[in-house]
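Geometric and topological summary
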Amino acid sequence: MGLRAGLLGLLALIVASKCSYSPEPDQQRTLPPGWVSLGRVDPAEELSLTFALRQQNLKRLSELVQAVSDPGSPRYGKYLALEDVAELIRPSPLTLRTVQKWLLAAGAQNCHSVTTQDFLTCWLSVRQAELLLPGAEFHHYMGGPAKTRVVRSLLPYQLPQALAAHVDFVGGLHRFPPTSSLRQRPAPQVAGTIGLHLGVTPSVIRKRYNLTAQDVGSGTTNNSQACAQFLEQYFHDSDLAEFMHLFGGSFVHQASVSHIVGKQGRGRAGIEASLDVEYLMSAGANISTWVYSNPGRHEAQEPFLQWLLLLSNESALPHVHTVSYGDDEDSLSSAYIQRVNTEFMKAAARGLTLLFASGDSGAGCWSVSGRHRFRPSFPASSPYVTTVGGTSFQNPFRVTSEVVDYISGGGFSNVFPKPSYQEEAVAQFLKSSPHLPPSSYFNASGRAYPDVAALSDGYWVVSNSIPIPWVSGTSASTPVFGGILSLINEHRILNGQPPLGFLNPRLYQQHGAGLFDVTHGCHESCLNEELQGEGFCSGPGWDPVTGWGTPNFPALLKTLLNP
């Protein structure tokens, strides 16, 4: 009787609203390559959906981010606590009441919120979910290298028009897990080995970026760093131990991860998961390290979204987060992309440094109405994260200056306008670059990325007890840059200063001081007659291939230790 009454109440709400709307009409809903449907989900099966509730005071939040991140502001470094952010952006009582009433009428009783009250995760039967979200049709799907199983709907969902002012989107319906773009390249050919290295290891990174044996965490602060993993991948403690045994003998380091958030699987280790942990912990040596391990455990959950919920629910978090996750901007709905960007604003207001890999497809390429255009990546294109591109050694076997790694993701957003902090740098690049692609390929007024870079080519990784050479991708450069920022945070904390927080306003104001400028090389793009596979090219100063450049630790430390 209770279920029937609930369904009647839900139908009454839908009828009362007279019409419905689609929150995500522009979300790509095609089945990714390599995925197959395993059929409809049993109507009685339970699934988890996440409701993104409309926030308040976003203009004020944006102003606060600018104030706490700008060295010229009297509020610089005076970050907000999670409770302060919650107080500012918490949905209105009307939104909370309206959504709760709607969900209760549908029979969704097992719902959990977060500290900021702007996400609600509920368990419902598939039957209830399909009634709640007309149009949705849930199927089991399987795909990806790990044969991951998910529950998704390839059909668009509708919401009652009465909820248009209260719900941004519903998570757990459309977006499929990303696949790793990490690749193992063939080893370059070389004659003789005297004075040469045979791939990138922690000692090679420390030599190139001028880190001494003393440049490690002190072990006396509450400093910490984290990497987040959203693939069906895990790291093994034994691989980390073997990696440090082989490559970590010249510097003090921690023997294990301090804190794992989420569930570590017992299967084979993944190369990307191993890489993230091994290089974050060797660049940011002897600093407490957290791993967010594929937290979206239920088949209907989106792991990346679950990570954002965790950030909104924990008051004490690591200062630096490195993430090797990305999607094509055009594959994501406007509602989703704007809301995720707001989540990054919340993190910036709290003084968190979020580093995202710029991607491994150069400028990217896709066809719009028969014309080729570059294809930006998100979250790399968010104006509230620091995006890390990739480089290679000029001589692959010597610790030399760096050139562009042709896979290094970069370009201009088609969604986010250019933030004020980078207007001067981007204008200078557009004015002075001798190799600019035709303007029809990119949106010159969009947020430009990456912001910085590091080596992304030829890494050694230990995975499943096996040392693997020549692993490449911006998934490698991102934890390296993150670890180096953690070392700088260590000095700041010991000096009584706040952690770096959102780095970009300071980075651009200082015109890349403390970084090695990368001025040679171009990344890949559309393989057509007009471009012949060449995208943007690097040059003096900032460029959309390697940003401001790669870290020179002593100089960067000096620059970023100034109040």
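All of these numbers come straight from a predicted model, not from anything done at the bench.

Brief notes about the UniProt feature "binding site: Ca(2+)" (unreviewed entry) in the protein
Under the present numbering, the feature "binding site: Ca(2+)" (unreviewed entry) in UniProt falls on Asp517, Val518, Gly541 and Asp543. Despite a sequence span of 27 residues, these residues sit close together in the fold, their greatest C-alpha distance being 9.7 Å. Here glycine 541 lies in the loop between strand E29 (534-537) and strand E30 (550-551). Glycine 541 has contacts with Asp517, Gly547 and Trp548, leaving out every residue within four places of it along the chain. Within the secondary structure, aspartate 543 is located in the loop between E29 and E30. Aspartate 543 has contacts with Phe429, Pro450, Val518, Cys537 and Ser538, leaving out every residue within four places of it along the chain.

Some points on the nonpolar core
Among the nonpolar cores identified, the biggest contains 140 residues, and Trp307 and Phe344 are the most heavily contacted of them. It is helix H10 (residues 334-349) that provides the largest number of residues to this core, a total of eight residues. Dropping the residues within four chain positions of it, phenylalanine 344 is found in contact with Phe304, Trp307, Leu308, Leu354, Phe356, Phe378, Pro379, Ser382, Tyr384 and Val385.

Quick notes on the pairing of strand E14 (residues 320-323)
On E14, burial covers both faces: Val320 and Thr322 on one face and His321 and Val323 on the other are all buried. Inspection of the sheet shows strand E11 (residues 224-229) paired to E14 by four bridges, in the parallel sense. The residue of E14 that forms the bridge with alanine 226 is histidine 321. Bridge count for E14 against strand E16 (residues 353-357) is four bridges, and the pairing is parallel. Note on E16: the bridge partner recorded for valine 323 is phenylalanine 356.

Focus: the packing of aromatic side chains
For the structure on display, the rule yields 29 aromatic pairs. Look at phenylalanine 247 and tryptophan 460: their rings are 6.4 Å apart centre to centre, the planes differ by 45°, and that puts the pair in the tilted class. Of the two residues, phenylalanine 247 is situated in helix H7 (residues 237-247) and tryptophan 460 in strand E25 (residues 459-463); the sequence distance between them amounts to 213 residues. Here phenylalanine 247 falls in the buried class, since its relative accessible area comes to 18%. On the numbers, 5.2 Å between centres and 45° between planes, the contact of tyrosine 421 with tyrosine 508 is tilted. Here tyrosine 508 lies in helix H13 (residues 504-509) and tyrosine 421 lies in the loop between strand E22 (411-417) and helix H11 (423-432), a separation of 87 residues in the sequence. The ring of phenylalanine 516 has arginine 208 sitting right over it, with the charged end atom 4.0 Å from the ring centre. Taking NZ or CZ as reference, arginine 339 lies 4.3 Å from the ring centre of phenylalanine 119, over its face.

Some details on helix H4 (residues 93-105)
The terminal C-alpha atoms of H4 lie 18 Å apart, and with 13 residues this matches the ideal 18 Å at 1.5 Å per residue to within 8%. Within the span of H4, buried status applies to Thr95, Leu96, Val99, Trp102, Leu103 and Ala105. Glycine 107 occupies a position one or two residues after H4 and carries a positive phi of about 90°.

What to know about the sheet that holds strand E5 (residues 119-125)
Ordered by their spatial adjacency, four strands build an open sheet running E4-E5-E3-E9, and the pairing between neighbours is antiparallel. Every interior strand has two partners, whereas the edge strands, strand E4 (110-113) and strand E9 (167-171), have only one. Ignoring which end each strand starts from, the neighbouring axes of this sheet average 20° apart. Where strand E3 (residues 46-53) meets E5, seven bridges bridge the pair, whose relative direction is antiparallel. If you follow threonine 50 over to E5, its bridge partner there is threonine 121. Along the sheet, H4 makes contact with E3, E4, E5 and E9, crossing E3 at roughly 160°.

Scoring rules and cut-offs
Residues numbered from 1 in each chain as written. Predicted model: local features only at pLDDT ≥ 70, side-chain atom pairs only at ≥ 80, totals over all residues. Heavy atoms only, no water. UniProt positions renumbered as here; feature names shortened; annotations may be inferred. Helix = DSSP H or I, 4+ residues; strand = E, 2+ residues; numbered from the N terminus. Contact = heavy atoms within 4.5 Å. Core = buried A, V, L, I, M, F, W, Y, C linked by side-chain atoms within 4.5 Å. Buried < 20%, exposed > 50% of the residue type's maximum accessible area, 1.4 Å probe, protein only. Pairing = 2+ DSSP bridges. Phe/Tyr/Trp six-rings, centres within 6.5 Å; stacked < 30°, edge-to-face > 60°. Lys NZ or Arg CZ within 6 Å of the ring centre and 35° of its normal. Expected span 1.5 Å × (residues − 1). Axes fitted to C-alpha atoms, helices over the stretch in contact; angles between N-to-C directions.

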